[in-house]
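Per-entry structural report
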Amino acid sequence: MALSSFFTSPRAVFATSIVLRTTFLLYGLWQDANSPMKYTDIDYYVFTSAARFISNGKSPYARDTYRYTPLLAWLIYPTTWSGRFWFSFGKVLFAVGDVAAGRMMYRILKEHRKMGDERALKFASIWLLNPMVATISTRGSSEGLLGVFVTALLWAVLAKRISIAGFLLGFAVHFKIYPFIYATSIVWWLDDTRVGRKVGGPQQPSDSLVDQILAFLNPQRISLAISSLFTFAILNAVMYTMYGWPFLEHSYFYHLIRIDHRHNFSPYNTLLYLNSSPNVLSSSFELERLAFVPQLLLSAVIIPLALGKKDLPSTMLAQTFAFVTFNKVCTSQYFLWYMMFLPYYLPDSTLLRSPAIGGSALALWIVGQVAWLQQGFQLEFNGHSTFVPGLWASGILFFLVNVGILGVIIHDTRSKDAREVRSMKKRS
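Rules used in this analysis
Residues numbered from 1 in each chain as written. Predicted model: local features only at pLDDT ≥ 70, side-chain atom pairs only at ≥ 80, totals over all residues. Heavy atoms only, no water. UniProt positions renumbered as here; feature names shortened; annotations may be inferred. Salt bridge = Lys/Arg side-chain N within 4 Å of Asp/Glu carboxyl O. Helix = DSSP H or I, 4+ residues; strand = E, 2+ residues; numbered from the N terminus. Buried < 20%, exposed > 50% of the residue type's maximum accessible area, 1.4 Å probe, protein only. Phe/Tyr/Trp six-rings, centres within 6.5 Å; stacked < 30°, edge-to-face > 60°.

Going by an unreviewed UniProt entry, the protein carries the name GPI mannosyltransferase 1 and comes from Setomelanomma holmii. Taken verbatim from the UniProt record of the protein, the Subcellular location (unreviewed entry) comment is "Endoplasmic reticulum membrane". Regarding the protein, the UniProt comment filed under Function (unreviewed entry) reads as follows: "Mannosyltransferase involved in glycosylphosphatidylinositol-anchor biosynthesis. Transfers the first alpha-1,4-mannose to GlcN-acyl-PI during GPI precursor assembly. Required for cell wall integrity."

**Some thoughts on the pattern of salt bridges**
Where charged atoms from two side chains of opposite charge come close, those side chains can pair. Evaluation of the coordinates by the stated rule reveals nine salt bridges. The partner of Arg-139 in a salt bridge is Asp-41, with the nearest N and O atoms 3.7 Å apart. Here Arg-139 is found in the loop between helix 8 (131-138) and helix 9 (143-158), whereas its partner Asp-41 is found in the loop between helix 2 (10-34) and helix 3 (42-55), with 98 residues between them in sequence. In this structure Arg-139 comes out as partly exposed when scored by relative accessible area, which is 28%. Across the pair Arg-113 and Asp-311 runs a salt bridge whose closest N-O atoms are separated by 2.7 Å. Residue Arg-113 is located in the loop between helix 6 (89-111) and helix 7 (117-128), and its partner Asp-311 is located in the loop between helix 16 (292-307) and helix 17 (312-325); the two are separated by 198 residues in the primary sequence. We classify Asp-311 as buried; its relative accessible area is 5%.

**Digging into the packing of aromatic side chains**
Taken as a whole, this structure holds 38 aromatic pairs when the rule is applied. With 6.0 Å between their ring centres and 90° between their planes, Tyr-27 and Tyr-39 make a pair best called edge-to-face. Of the two residues, Tyr-27 is situated in helix 2 and Tyr-39 in the loop between helix 2 and helix 3; the sequence distance between them amounts to 12 residues. Relative to Tyr-243, the ring of Tyr-61 lies with its centre 6.5 Å away and its plane at 80°, an arrangement referred to as edge-to-face. In this pair, Tyr-61 is assigned in the loop between helix 3 and helix 4 (70-75) and Tyr-243 in helix 13 (residues 219-243), connecting sequence segments 182 residues apart. Across the pair, exposure class does not vary: Tyr-61 and Tyr-243 are buried alike. By the ring-pair criterion, three or more aromatic residues cluster together here, those being Tyr-44, Tyr-45, Phe-47, Tyr-61, Tyr-66, Tyr-68, Phe-87, Phe-94 and Tyr-243.

Structure representation (structure tokens):
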């Protein structure tokens, strides 16, 4: 009874989400001061160091391993001010960002999924009250802030605010490259019937290629393309003017050749490790350099074209899940990229309607991570060589688990039209 009444109050849910993050922030300060194992993510030290270089009139790329847009360093500029509190400013900003993303999820569930307050709050709480989300943001990862941009993008498209959606798409891709995969599904979703364009009488299919192209290029798709490309180009032009070639090299081109192997759940992890060693002779053919081929084919082409007209939020979930699963670098922060879409997918999903399937999927997803982390702990903290077979085998296991879950998501999204028809028949 108490739990049910809790979800009838938006104020209670959002206040709890803020308290949760505040608790983690304060605990993190204590752990950093009293434990050799720090709570603060190593990336946060990179961000704050880049901000300090900016405050001294230098480039953020003077900080080794800073591989992000300069906007991120500028956003956390207050971390350069004196005082213990100001060093945590970025963490507070990221935590506020993921609460704001949760607020927008709640709005989308109400406005576009037509849920009541209580049900919408329950599913928004998958993000808002998730300890993993709160931990990652309060440790200093910027993924929660990215969640605001991506969730706002989804809202703008569903609300048919196309110019705003284009701006947000361009901004999100500048901030973090991967949201470009959503362009295909959004463009495919924006057909004439979706955007409410009035068409006089039944339309006859045309065999003319020119007619088909003109029919595809409706005003909404053109507006999205122009506004997103303009935003992306302006931001890049400004950053290039300020920081020159290092901006392009570290923000974009580096990600094509990165060989990060630490804390990497990907099955490419062992190959990346071997190729990162100057003492190991590598062949001219490096398999991991082709990892982007299946990754982009699935996430940016096949999935959006197959599912985009079925259900946009679930399609974006499937795209993101495929992108993360097949990426040659896969860390815990990346899981937030697809977790932000779970509130829209789960209500009518097989994972929720079938407790056996959903429980098994969750258990295997956790076990896959635990198996990898156990091997990683033996390697990094105890100095035991666990690359083969332990770390490699656990990476393969986690990959297969994720592929299985992706299959369920794709199946559910493809079946969405049939479920909606059955639901309408029941209501009538």
